[in-house]
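The lines below spell out each chain.
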Amino acid sequence: MIAAMDHVQLAAPAGSEDALRAFYVDTLGMTEIPKPPVLATRGGCWFRTGPVQLHLGIEAEFRPAKKAHPGLRVTDIEAFAARLRAHGAPVQWDGDLSGHRRFFSHDPVGNRLEFLEPVDG
């Protein structure tokens with residue numbers, strides 16, 4: 001029986017780790033967590049905030065997915081969108097999900113990210 005989501009893995013091109021660290025740590029406010037030594041040799045980096053983990057793994061012929069994405073729940077979505085814009089990240093609002101405010105953005109290698117916050121009433 002599935003009990004919880006452990007992590008989401010996204011792909012990234014070789015050599016993009018510094019740009020990913022800048023985005024996921026400085027822009028999103030996540031913390032980098034160490035990869036197990038046997039996996040660290042493959043490159044990439046892992047990040048966490050609270051119980052949420054995103055793993056960025058190196059893919060030789062990387063192409064960002066056009067539709068697939070993690071949905072990340074945030075608080076104070078307006079302030080979070082402003083934080084992303086201040087760091088130069090795109091913010092595209094989408095009002096199509098009833099009961100939520102949400103926007104989409106992309107990390108420095110083109111991975112699509114959804115940020116959403118439930119609304120009252």
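As shown above, the structure is provided for reference.
1. Considerations on the sheet that holds strand β1 (residues 8-12)
Hydrogen bonds between backbone groups are what pair the strands of a sheet, and the pairing can be parallel or antiparallel. Taken in spatial order, the four strands of this open sheet run β1-β4-β3-β2, and their pairing is mixed. Every interior strand has two partners, whereas the edge strands, β1 and β2 (31-33), have only one. Looking at each pair of strands side by side, their axes are set apart by 30° on average, direction ignored. Judged from the five bridges that link them, strand β3 (residues 45-49) and strand β4 (residues 52-58) form a sheet pairing that is antiparallel. Paired with F47 across the two strands is L54, which belongs to β4.

2. A short note on the pairing of β3
Bridging between β2 and β3 involves three bridges; their strand directions are antiparallel. Counted as the bridge partner of E32 is F47 from β3.

3. Digging into unusual backbone geometry
Its identity as a non-glycine residue notwithstanding, D76 has a phi of 50°, on the positive side. By the secondary structure assignment, D76 is in the loop between β5 (71-73) and α3 (77-86).

Reading guide: rules and limits
Residues numbered from 1 in each chain as written. Predicted model: local features only at pLDDT ≥ 70, side-chain atom pairs only at ≥ 80, totals over all residues. Heavy atoms only, no water. Pairing = 2+ DSSP bridges. Helix = DSSP H or I, 4+ residues; strand = E, 2+ residues; numbered from the N terminus. Axes fitted to C-alpha atoms, helices over the stretch in contact; angles between N-to-C directions.

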